[in-house]
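Chain residues, written in single-letter form:
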Amino acid sequence: MTHFQPTRAAALSRLADFSANMGHNYAHKRNFDYGPDADVEQDKWRDNVSKLSPYVRHRLLPERELIEAAIKAHGAMGADKFIGEILWRSYFKGWLEQRPEAWADYVTARDAKFRQLKAQGGLRKTYEQATEGRTGIDAFDHWSKELVETGYLHNHARMWFASIWIFTLKLPWELGADFFLQHLIDGDAASNTLSWRSVGGLHSKGKSFLATKENIVQFTDGRFTAIGLAAETMPLEEEKNYKFRPLKVPPTPPAAAAFALLVHEEDCHPESLTLAQKPSLIIGVSGPDTKSPKGVSNKVRAFSDGAVADAMTRAAEHFGCKAVRWKKGEKLSAVLANEKLERLLSPWLPVGPLKDAIGKEINGNNVRWVMRDYDAAIWPLANRGYFPVKKKAPDALRAIGMDL
């Protein structure tokens, strides 16, 4: 069963369905993973969590819009837990944006671990058992198969899975993070990388997360025995402390000559960008296979490509202009030249695989970056941990006109 359709219409439909549950219901039930088949007879699927993450990750549904919907339905206090989860995502985005070496080091280590897999038969066997759901740990094996089959995992299950991967199976965390990026429809460089680092004890030095039988049994409604787990963690260690590099918010591009607007998978709601004038052309690009050296699943690829296609269609209608695809192997300069345009605007391209793949080429085409006021307000707050961000967020968001 396909649960996620890559359109803004689907995002708004799901938002409308879940809005009533963003308050008390979410606060008290969000940690329970009832499984993908829960309440199938009522045509529901995990209604204790929002299932909005693929839409937020691709910005078919921007964070500002989501927070405003939660406040409208429940008030800021009533929706505090739900808003807090959105801010966790924003914190991770801001943290990585201001410490890009953490992503670069992950990529380097990931590639080294894949070379190890080829050279070490024992490691390769354990990896294959884990990714194919053949470890003998019932909960873990179920989640591994569920991830591959559906492109989704409950957030609590992601934490348990990562803990078992690192501390029970003794597998490199980088390979687990890569496995998630291969298969999670909502797979995001910042949230995924930093969540795995958090579980392993690298993000907050020495503070790791232990998956226990008791916790899994309680919060999966007794669906698993969860036998065979590590009894304790030995937090991972690294020598490096990543240097904080304050975010430089780009100025809003002024009205000028005709320009093309780039639409990419990191921001698929071009209608809400702050632009001084309408674009003359929409250029769409997606690159989901850049997430992993092994590529991504068909579900991940279809959602990413579909989200960009949907954004291109909406943008062309909204701005009254033509939309074209920037195809793999094609020069961006050639796309612009074909339409006799020299100027390019693009929504901010955050640290991650797509920026690694196309960032330099975009920068070589006279680009002006457009950053959303939400990002400019929240991301710079991520100079330490999450809780200072949560504390400062209300004032930061009021400054951009949000009513918290």
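What counts and how
- Residues numbered from 1 in each chain as written.
- Predicted model: local features only at pLDDT ≥ 70, side-chain atom pairs only at ≥ 80, totals over all residues.
- Heavy atoms only, no water.
- Core = buried A, V, L, I, M, F, W, Y, C linked by side-chain atoms within 4.5 Å.
- Buried < 20%, exposed > 50% of the residue type's maximum accessible area, 1.4 Å probe, protein only.
- Contact = heavy atoms within 4.5 Å.
- Pairing = 2+ DSSP bridges.
- Helix = DSSP H or I, 4+ residues; strand = E, 2+ residues; numbered from the N terminus.
- Right-handed = clockwise from strand over helix to strand, strands pointing away.
- Disulfide = S-S within 2.5 Å.
- Phe/Tyr/Trp six-rings, centres within 6.5 Å; stacked < 30°, edge-to-face > 60°.
- Lys NZ or Arg CZ within 6 Å of the ring centre and 35° of its normal.
- Salt bridge = Lys/Arg side-chain N within 4 Å of Asp/Glu carboxyl O.
- Axes fitted to C-alpha atoms, helices over the stretch in contact; angles between N-to-C directions.
- Left-handed = near helix turned anticlockwise from the far one by under 90°.
- Nonpolar A, V, L, I, M, F, W, Y, C, P; charged D, E, K, R; others polar.
- Parallel < 35°, antiparallel > 145°, perpendicular 65-115°, else oblique.

Take the nonpolar core next. Of all hydrophobic cores here, the largest spans 106 residues; its most connected members are W143, W165 and I216. Apart from residues lying up to four places away in sequence, W165 is in contact with Y127, A130, T131, F140, K170, L171, P172, W173, L175, G176, F179 and W196. In terms of nonpolar packing, the next biggest core, distinct from the first, is built from 22 residues, L247, W326, L336 and W348 among them.

Right, let's talk about the pairing of strand β3 (residues 322-325) for a bit. The sheet contact formed by strand β2 (residues 281-285) and β3 spans 4 bridges and is parallel. Residue I282 lies in a different strand from β3, and its bridge partner there is A323. Handedness of the crossover joining β2 and β3 through helix α13 (residues 298-319) is recorded here as right-handed.

Attention now goes to the state of the cysteines. Enumeration over the complete set of coordinates arrives at 0 disulfides. Here C321 is not disulfide-linked; the sulfur of C268 is the nearest cysteine sulfur, at 16 Å. Classification of C321 as buried rests on a relative accessible area of 15%.

This part covers the pairing of strand β1 (residues 259-264). The element β1 is largely enclosed, with a buried count of 6 among its 6 residues. Of the strand pairs in this sheet, β1 and strand β4 (residues 343-347) are connected by 3 bridges, and their pairing is parallel. Pairing of F259 across the sheet is with R343, part of β4. Relative to β2, β1 is paired through 5 bridges, and the arrangement is parallel.

Turning our eyes to something else, we now look at the side chain of R8. Positionally, R8 belongs in helix α1 (residues 8-18). Those residues in contact with R8 that lie beyond four places of it in its chain are L60, L61, P62, E65, H269, D310 and R314.

What follows is about the packing of aromatic side chains. Under the defined criterion, the tally for this structure stands at 29 aromatic pairs. A network of ring pairs unites the aromatic residues F114, Y127, F140, F161, W165, F179, F180 and W196 as a single cluster. A cation sits over an aromatic face here: R158 above Y152, 5.5 Å from the ring centre.

As a further point, take the pattern of salt bridges. One pass over the structure, following the stated rule, counts 26 salt bridges. R372 is the partner of D267 in a salt bridge, and the nearest nitrogen-oxygen pair spans 2.8 Å. Of this pair, D267 sits in the loop between β1 and β2 while R372 is found in the loop between β5 (367-370) and α16 (373-378), placing the two residues 105 residues apart along the sequence. For D267, a relative accessible area of 3% puts it in the buried group. Using a relative accessible area of 11% as the deciding quantity, one classes R372 as buried. Through salt bridges with shared partners, one network takes in R57, R59, E63, R89, K93, D188, E266, D267, R372 and D375.

This part takes up the packing of helix α10 (residues 173-183) against helix α11 (residues 189-200). The geometry of α10 relative to α11 is characterised by a closest axis approach of 10 Å and an angle of 145 degrees between their N-to-C directions. As for the relative orientation of α10 and α11, their crossing is right-handed in sense. Residue-level inspection shows W173, G176, A177, F180 and L181 of α10 in contact with α11, the latter providing N192, T193, W196 and R197. Split into classes, the residues belonging to the contact of α10 with α11 amount to 5 nonpolar, 3 polar and 1 charged.

Turning to the packing of helix α5 (residues 80-97) against helix α17 (residues 386-398), a few remarks are in order. Running from N to C, α5 and α17 cross one another at 120 degrees; their axes reach a closest spacing of 10 Å. On the basis of the axis angle, α5 is oblique to α17. Note that α5 runs across α17; the crossing there is right-handed. Of the residues in α17, those in contact with D80, G84, L87, W88 and Y91 of α5 are Y386, V389, K390 and A393. Of the residues belonging to the contact of α5 with α17, the class tally is 6 nonpolar, 1 polar and 2 charged.

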